[in-house]
Amino acid sequence: MNDERVPDSPTDDDLPEQMRVRREKRARLLAAGVDPYPVEVPRTHTLAQVRASYSELAPDTATGDRVAVTGRVMFIRNTGKLCFATLREGDGTELQAMLSLNKVGEDALSAWKADVDLGDHVFVAGEVITSRRGELSVLADEWRLAAKSLRPLPVAHKELAEETRIRQRYVDLILRQQARETVRNRAAVVRSLRESFHSRGFTEVETPMLQTMHGGATARPFATHSNALDAELFLRIAPELYLKRCVVGGLEKVFEINRNFRNEGSDSSHSPEFAMLEYYEAYATYDSNAVMTRELIQEAALAAFGSLTVTLADGTDYDLSGEWTTLTMYGSLSDALGEEVTPETPVDVLRKHADAHGAELDPKLGHGKLIEELWEHLVGNDLYAPTFVRDFPIETSPLTRQHRSRPGVAEKWDLYVRGFELATGYSELVDPVVERERLEDQARLGAAGDDEAMQLDEDFLRALEYGMPPSGGVGMGVDRLLMALTGLGIRETILFPQVRPE
RNA sequence: GGGCCGUUAGCUCAAUUGGUAGAGCUGCGGACUUUUAAUCCGUAGGUUCUGGGUUCGAGCCCCAGGCGGCCCA
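Residues numbered from 1 in each chain as written. Chains lettered and ligands numbered in written order. Predicted model: local features only at pLDDT ≥ 70, side-chain atom pairs only at ≥ 80, totals over all residues. Heavy atoms only, no water.

Asks: Explain the protein's contact with RNA strand B here, please?
Replies: Around RNA strand B sit 38 residues, and of these Q18, R77, S131, R133 and H157 come closest. Between a base nitrogen of RNA strand B and a side-chain N or O atom of Q96, the distance comes to 2.9 Å. Mapped onto the surface near RNA strand B, the elements with two or more residues apiece are α1 (17-31), β1 (62-79), β2 (82-88), β3 (94-100), α3 (101-115) and α4 (162-167). Residue contributions to the surface near RNA strand B peak at five residues, all from β1. Tallied by class, the residues present in the surface near RNA strand B amount to 14 nonpolar, nine polar and 15 charged. (Near = heavy atom within 4 Å. Polar contact = N/O pair within 3.5 Å; in protein donor to acceptor, adjacent residues only side chain to side chain. Helix = DSSP H or I, 4+ residues; strand = E, 2+ residues; numbered from the N terminus. Nonpolar A, V, L, I, M, F, W, Y, C, P; charged D, E, K, R; others polar.)

Below you can see the structure in the form of structure tokens.
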């Protein structure tokens, strides 16, 4: 042990009383030869196993069976010669421990009262019984500390402040069953996605997160530097251009579930670091991949929640069953405006519509952006039931194939759920000459100061020049899928969201 | 980026017009062999986010900043 203090580390005198008391208990135990952090304890059963084995005991039953269990002390009730403690283990299962003077003896009982605090991990061995009130319990003949807690837990029956829940997620997980369930639900959803892909013959790949060019989406990237290459690198904003290289190479059904990074602020539906699912399939189109995306989501709902109707955090039910509504962007916007708009509608007419509906839009926006912003304002934000919106303006969809019959629009859909964008799907643009023109437009925007514009990725174009089969592709935010299925904000679906340093 | 709101004990929150900063739980001491947020008695715990200012006097008013939330862009 090292007694030298780091200059900034607090001395015991600075600590609140409750923390000082626990540190003193730890020191006292060590001095008495008791290890407050033993390397192991001889546990024979989990709390869940005990609960499962003795589910139907009458009150005041003695089974004669001895078990040795562990758990975190969540509540303590002492009555002189008889002590009760509620133990909890990882999955939230609780079991009562009882320490009676005539079973453990005077020394062990007074040590229990003196040494054990709320939050400590303890080991308790004894007979499985039920109390007079019928509570399943372990009546200890032996107990021991498994790990001493040096910080007082927040009071268990008041809701923890949201900031503390996020900054100290470990405390949130200790206290809130819902916090633990959210983590498991997310794992179940991601697992279901993978299984859905595997059952359809897709291959999971991992493509670069450190990229020399940022592309595949329009967003500001995080920039970093490689010392070895002496080159600027970017944390990826999307895996799209690499997944398409895979399709060129003959991996005709590929998917990736991994992190993307966008150098932007966070709010209730955005996080600078977020999990993204993208998948590409040769000979698919935006029609077929819309069907598959719906199936993926429905299969995830069934796998994680057992139903196509999920219960959201506010208690309301949300129906994901059946086929979902499909709109076109221009059609639904025309209906909302009460006047026909098309890809030919001039910018000044669109701007008048924006003014008339109180949408303050950047005067530099062109036709495509104006349409999308107006649509989001007037239609998208109010789409509650799952809805596919199809046929976006071509100029804001640089990686998407032009519509096979309708000029000016792209074969692209967005999936909206409860007013936010959950996924997007394309019939992919595979003509390398047209793709080069689109990326050159993007590069011009970038040169003009648009720091969200894509860069011109020559290697990607070279790959396309070898010939990419007609393909459909989809991107879906995994955090947002959890939001859609649970009604939680994005910072609840992410275990450790970004927070400003304390 | 703009506007509004919040920031007080370990946790959740009070504090009247600017006049001694309180409660519950937690903690500490004590009683209690069937409790379930145990109960009862006693008791401790504060740089009121930070820094300036006004005032006889500031948790409260003013200025600047930090952190957080909501709304808008």
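Asks: Got a minute to help me understand α1 in this structure?
Replies: Along an α-helix, residues three or four apart share an orientation, since each turn contains 3.6 residues. The end-to-end C-alpha separation of α1 is 21 Å, in line with the 21 Å expected for 15 residues at 1.5 Å each. Those residues of α1 lying buried are M19, R22, K25 and L29. Taken around the axis of α1, the buried residues stretch over an arc of 120°, which confines them to a single face. For α1, exposure combined with an orientation more than 90 degrees from the buried face picks out E17 and A31. Residues of α1 that are buried in the fold lie against α3 and β5 (136-147). Positioned one or two residues after α1, G33 has a phi angle of 85°, which is positive. (Expected span 1.5 Å × (residues − 1). Buried < 20%, exposed > 50% of the residue type's maximum accessible area, 1.4 Å probe, protein only. Arc of directions from axis to C-beta. Contact = heavy atoms within 4.5 Å.)

Asks: Would you explain the packing of aromatic side chains in this entry?
Replies: The geometry of an aromatic ring pair is captured by two quantities: the separation of the ring centres and the angle between the planes. Enumeration according to the criterion identifies nine aromatic pairs in this entry. A ring pair is formed by Y318 and Y384, whose centres lie 5.3 Å apart and whose planes are at 70°; its orientation type is edge-to-face. Of this pair, Y318 sits in strand β13 (residues 317-319) while Y384 is found in the loop between α11 (367-378) and β15 (387-393), placing the two residues 66 residues apart along the sequence. Given a relative accessible area of 1%, Y318 falls into the buried group. Counting every residue linked through ring pairs, the aromatic cluster contains F197, F202, F255 and Y279. Lying across the ring of Y286, R390 places its NZ or CZ 4.3 Å from the centre. (Phe/Tyr/Trp six-rings, centres within 6.5 Å; stacked < 30°, edge-to-face > 60°. Lys NZ or Arg CZ within 6 Å of the ring centre and 35° of its normal.)

Asks: Is there a simple way to think about the sheet that holds strand β14 (residues 325-328) in this case?
Replies: Whether parallel or antiparallel, the strands of a sheet pair through hydrogen bonds between backbone atoms. Strand order in the open sheet formed by eight strands is β6-β10-β11-β18-β17-β16-β15-β14, and the pairing between neighbours is mixed. Strands at the two margins of the open sheet, each flanked by one partner only, are β6 (203-204) and β14. Here four bridges tie β14 to β15, and the two strands are oriented parallel to one another. Each bridged residue has a counterpart across the sheet, and for T328 the counterpart in β15 is R390. Across the sheet, helix α6 (residues 177-199) touches β6, β10 (253-261), β11 (273-282) and β18 (471-477), and the angle it forms with β10 is around 150°. Set on the sheet, helix α8 (residues 286-305) makes contact with β11, β15, β16 (409-417), β17 (420-427) and β18; between it and β16 the angle comes to about 15°. (Pairing = 2+ DSSP bridges. Axes fitted to C-alpha atoms, helices over the stretch in contact; angles between N-to-C directions.)

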